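# Remarks on the overall topology
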Amino acid sequence: MSEQFQTRLNTLIQYLEEQQVDMAIVNSPKNVFYYTGFNSEPFERFMALVIDVRKGSNYLFVPALDQEDAERSSNVKCIVSISDEINPYKILKDTIGKDVKSIGLETKNVTIYQQEQLKHYFSSFSYQNIGEFISGQRMRKTPEECNKVQHAVHVIEKVLSEGIKSVKAGMTELELTAEFEFLMRKFGAEGPSFSTTVLSGEKSSLPHGSPGGKKMNKGDFLLVDMGVIIDGYCSDITRTFIIDEETAEQRRIYDIVRKATNESVLATKAGVLAGTVDTAARNVIKANGYGQYFNNRVGHGIGMEVHEEPSIHEKNEMMLEPGFLFTIEPGIYIPGFGGVRIEENVYIEEDGKAKVLTTFPTELIRIG
């Protein structure tokens, strides 16, 4: 695995040399993990992979409390430890030197405070955004990365299969959420990859709603959206169930979303525009008269983070390539009535064909 981290880092260094960047600061925790193998959340503390292109030196700056872990797991072996009472930007200048004219930054991940500190310690520099290049690197997953996501998918599907056995009318959304998150740990996950979503009845019309004390009733849609992190990689799955028995309208809406998901998967292959994948699902929903109730993109990239590039929306003219891994999750959300979402994870293999990583049934399942 260390060879893979070094290969990724060498690709970035080559890009920095071509762009004539003197120094690069990679401070997104997941990007630090991507290049070094050190996976940590520093919160307010300074942590960064710093590349001194002029000298050919790489440094991993970490909070002092993470030094031991970094020394054990990082592929970059020059660890700079920073205690809480010291200004990390002064340490950065003392380590790198002052004659820095061009700095590569992840501009989406730089605060005004950080910019002020850089200006203070490196008074005359210009900056270049290296974030898009890094996103492009991460967007193209290797088969080994796909296997890690696949494992995370297997675990969350096991959690879903086991967890829905406990559903019964009168149970609250939070009670089921707790059951799912217990099972995540039981089956070996590091934790959820995002806040577990359990929504019932009319609340299922909220695409990003939060579970609460609402009780599940017979005839409710039950929308479950969740994922896990394992070995640094995420999964993300949504299935919608019916508690007891569905109405004709609920069945119709469910079948439309299921068809939209299938059409979107069928449209996925190398050489087509990302927007085509969105449009394939959107056209099904529009043709059946529910277009106004599908008001978000059809999917997003997934890997070390649950939301990555590419963004699969109807205006995206990026060409899909082998290595892209993303979700397909169309939905119909009707305020006051409820909603349905069915989500698959797909990977474009070397032959350009889409492999569906999720295997949990998409047929409407009655529970409770």
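Residues numbered from 1 in each chain as written. Predicted model: local features only at pLDDT ≥ 70, side-chain atom pairs only at ≥ 80, totals over all residues. Heavy atoms only, no water.

The final tally for this structure, using the stated rule, is one cavity of 30 Å³ or more. One number sums up the size of the largest cavity: a volume of about 60 Å³. Every residue lining the largest cavity is listed: Ile25, Asn27, Phe46, Tyr89, Leu105, Val110, Gln114 and Leu118. Looking at side-chain class alone, the lining of the largest cavity contains six nonpolar, two polar and no charged residues. (1 Å grid on protein atoms, 1.4 Å probe; cavity = no way out; pocket = protein on both sides within 12 Å on 5 of 7 lines; lining within 4 Å. Points joined across faces, edges and corners; volume = space filled by probe spheres on them. Nonpolar A, V, L, I, M, F, W, Y, C, P; charged D, E, K, R; others polar.)

Attention now goes to the sheet that holds strand 20 (residues 366-367). Read across the open sheet, the four strands follow the order 8-9-12-20; overall the sheet is mixed. Looking along the sheet, the strands with just one partner apiece sit at the ends: strand 8 (197-200) and strand 20. Against the sheet, helix 7 (residues 143-163) makes contact with strand 9 (221-226) and strand 12 (237-243), and its axis sits at roughly 10° relative to strand 12, the strand it touches most. Most of the contacts of helix 8 (residues 173-186) go to strand 8, to which it runs at about 150°, and overall it touches strand 8 and strand 9. (Pairing = 2+ DSSP bridges. Helix = DSSP H or I, 4+ residues; strand = E, 2+ residues; numbered from the N terminus. Contact = heavy atoms within 4.5 Å. Axes fitted to C-alpha atoms, helices over the stretch in contact; angles between N-to-C directions.)

Right, let's talk about the layout of surface pockets for a bit. Considering only enclosed or pocket space, the largest pocket measures out at about 610 Å³ in volume. Contributing to the lining of the largest pocket are 23 residues, with Asn31, Lys108, Gly131, Ser135 and Glu309 lying nearest its centre. Breaking the lining of the largest pocket down by element, the ones donating at least two residues are helix 2 (29-36), helix 6 (131-139) and strand 14 (308-312). With seven residues, helix 6 is the largest single contributor of residues to the lining of the largest pocket. When the residues that make up the lining of the largest pocket are grouped by side-chain class, the tally is four nonpolar, ten polar and nine charged. For the second largest pocket, the calculated volume is near 380 Å³. Forming the walls of the second largest pocket are 20 residues, and the residues nearest its centre are Glu44, Arg45, Phe46, Met47 and Gln114. Secondary-structure elements contributing two or more residues to the lining of the second largest pocket are helix 4 (88-96) and helix 5 (112-121). Each residue belonging to the lining of the second largest pocket can be placed in one class, and the counts come to eleven nonpolar, five polar and four charged.

Attention now moves to the sheet that holds strand 5 (residues 102-105). Taken together, the six strands give an open sheet; going across it, the order is 4-3-2-1-5-6, and neighbouring strands pair in mixed fashion. Strands at the two margins of the open sheet, each flanked by one partner only, are strand 4 (79-82) and strand 6 (126-129). Adjacent strand axes in the sheet meet at a mean angle of 25° when their direction is disregarded. In the sheet, strand 5 pairs with strand 6 via four bridges, with the strands oriented parallel. Note on strand 6: the bridge partner recorded for Leu105 is Asn129.

Counting 37 residues, the largest nonpolar core has Leu12, Leu16, Tyr35, Ile51 and Leu60 as the members making the most contacts within it. Of all the elements in the fold, those that place two or more residues in this core are helix 1 (2-18), strand 1 (23-26), helix 2, strand 2 (48-52), strand 3 (57-63), helix 7 and strand 11 (233-234). When near neighbours in sequence (up to four residues on either side) are disregarded, Leu12 contacts Val26, Tyr35, Ile51, Phe133, Ile134 and Gln137. (Core = buried A, V, L, I, M, F, W, Y, C linked by side-chain atoms within 4.5 Å. Buried < 20%, exposed > 50% of the residue type's maximum accessible area, 1.4 Å probe, protein only.)

The terminal C-alpha atoms of helix 8, which comprises 14 residues, lie 20 Å apart, in line with the 20 Å expected from a rise of 1.5 Å per residue. Listed in full, the buried residues belonging to helix 8 are Glu173, Leu176, Thr177, Phe180, Leu183 and Met184. Relative to the axis of helix 8, the buried residues are bounded by an arc of 125° and lie together on one face. What points out from helix 8, more than 90 degrees from its buried face, is the exposed set Phe182, Arg185 and Lys186. Those residues of helix 8 hidden inside the fold are in contact with helix 7, strand 7 (191-192), strand 8, strand 9 and strand 10 (228-230). A positive backbone phi angle near 105° is found at Gly188, which sits one or two residues after helix 8. (Expected span 1.5 Å × (residues − 1). Arc of directions from axis to C-beta.)

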